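Listed here are the chains, written in short residue letters.
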Amino acid sequence: QQQVRQSPQSLTVWEGETAILNCSYENSAFDYFPWYQQFPGEGPALLISILSVSDKKEDGRFTIFFNKREKKLSLHIADSQPGDSATYFCAASPGGNYKPTFGKGTSLVVHP
Amino acid sequence: GPKVLQIPSHQIIDMGQMVTLNCDPVSNHLYFYWYKQILGQQMEFLVNFYNGKVMEKSKLFKDQFSVERPDGSYFTLKIQPTALEDSAVYFCASSLLGQDTQYFGPGTRLLVL
């Protein structure tokens with residue numbers, strides 16, 4: 001049973017466009033949602049996170065939109081750059097970042 | 001930023017042998033984690049470790065798995081004996097406190113033949 005789902009599996013955008021990565025979850029107990037960025041050959045790195053009490057979190061070009069009722073969230077990457085090309089993982093956990101459940105990831109390619 | 005190191009980066013062993021995966025966590029961190037990622041699948045939590053003890057483990061953390069961090073040295077994951085289904089990338093992570101940001105290592109790619 002996959003508790004955290006991500007779509008699309010892969011995404012290609014042009015430099016300057018906004019990339020939208022989607023995530024949904026099943027467990028109502030999840031209240032902390034980190035997004036990780038992973039480059040080939042490296043481990044995932046925390047990019048941005050949100051708590052379920054918020055519906056939006058911004059950090060520079062990265063924004064999370066969160067819909068608790070529908071159990072959905074999305075990561076928007078504005079003004080995409082080729083250096084943003086990576087795999088992005090949505091994760092979820094109850095009670096903080098103690099034991100996150102990961103999605104399968106979205107592979108993003110940004111063409112110059 | 002803070003770096004977590006993992007040694008070795010790749011390991012190939014025969015089924016039934018023992019393997020030890022080593023993790024050098026961020027120096028002042030207190031919580032340590034192992035995750036397993038099979039090719040094409042999501043990364044899955046195996047175990048977390050604090051103050052010399054396993055705090056929580058998942059059903060993937062089989063009896064053949066063990067973790068330890070003797071005297072503040074490497075945080076290790078030992079698999080004895082290994083099975084074919086243990087082939088995966090194993091990621092180590094550490095955090096200062098249990099609720100804090102986890103910093104991941106680059107992973108050890110384990111292939112069991």
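As a starting point, this report considers the structure included with it. All figures in this text were calculated on a predicted structure; none of them were measured in a lab. (Residues numbered from 1 in each chain as written. Chains lettered and ligands numbered in written order. Predicted model: local features only at pLDDT ≥ 70, side-chain atom pairs only at ≥ 80, totals over all residues. Heavy atoms only, no water.)

### Looking at the overall build of chain B
Point 1. Tallying secondary structure elements over chain B gives 0 helices and 11 strands in all.
Point 2. The N-to-C order of helical and strand elements in chain B reads β-β-β-β-β-β-β-β-β-β-β.
Point 3. The C-alpha radius of gyration of chain B comes to 13 Å, within 12% of the 13 Å expected for a compact globule of 113 residues.
Point 4. Projecting the C-alpha coordinates of chain B onto the three principal axes gives extents of approximately 35 × 25 × 25 Å. (Helix = DSSP H or I, 4+ residues; strand = E, 2+ residues; numbered from the N terminus. Rg over C-alpha atoms; globule rule 2.2 N^0.38 Å.)

### Here's the deal with the interface of chain B and chain A
Accessible area lost during the coming together of the parts is what is often quoted as the interface size.
Point 1. Taken residue by residue, the interface counts 22 residues in chain B and 18 residues in chain A.
Point 2. Between chain B and chain A, a total of about 1700 Å² is buried, with carbon and sulfur atoms accounting for 53% of that surface.
Point 3. Among the residues chain B hides against chain A, the three largest losses belong to Q42, M43 and Q99 of chain B. Together they make up 29% of the total.
Point 4. Between E56 of chain B and K99 of chain A there is a salt bridge, with the nearest N and O atoms lying 3.4 Å from each other.
Point 5. The tally of links between chain B and chain A comes to 2 residue pairs in polar contact (both at pLDDT 80 or more).
Point 6. Those elements giving two or more residues to the side of chain B that touches chain A turn out to be β4 (31–37), β5 (43–50) and β6 (53–57) of chain B.
Point 7. Take the side of chain B that touches chain A: its biggest share by element is 4 residues, from β4 of chain B.
Point 8. Residues of the side of chain B that touches chain A, tallied by class, amount to 9 nonpolar, 10 polar and 3 charged. (Contact = heavy atoms within 4.5 Å. Buried area = accessible area lost by both parts, 1.4 Å probe. Salt bridge = Lys/Arg side-chain N within 4 Å of Asp/Glu carboxyl O. Polar contact = N/O pair within 3.5 Å; in protein donor to acceptor, adjacent residues only side chain to side chain. Nonpolar A, V, L, I, M, F, W, Y, C, P; charged D, E, K, R; others polar.)

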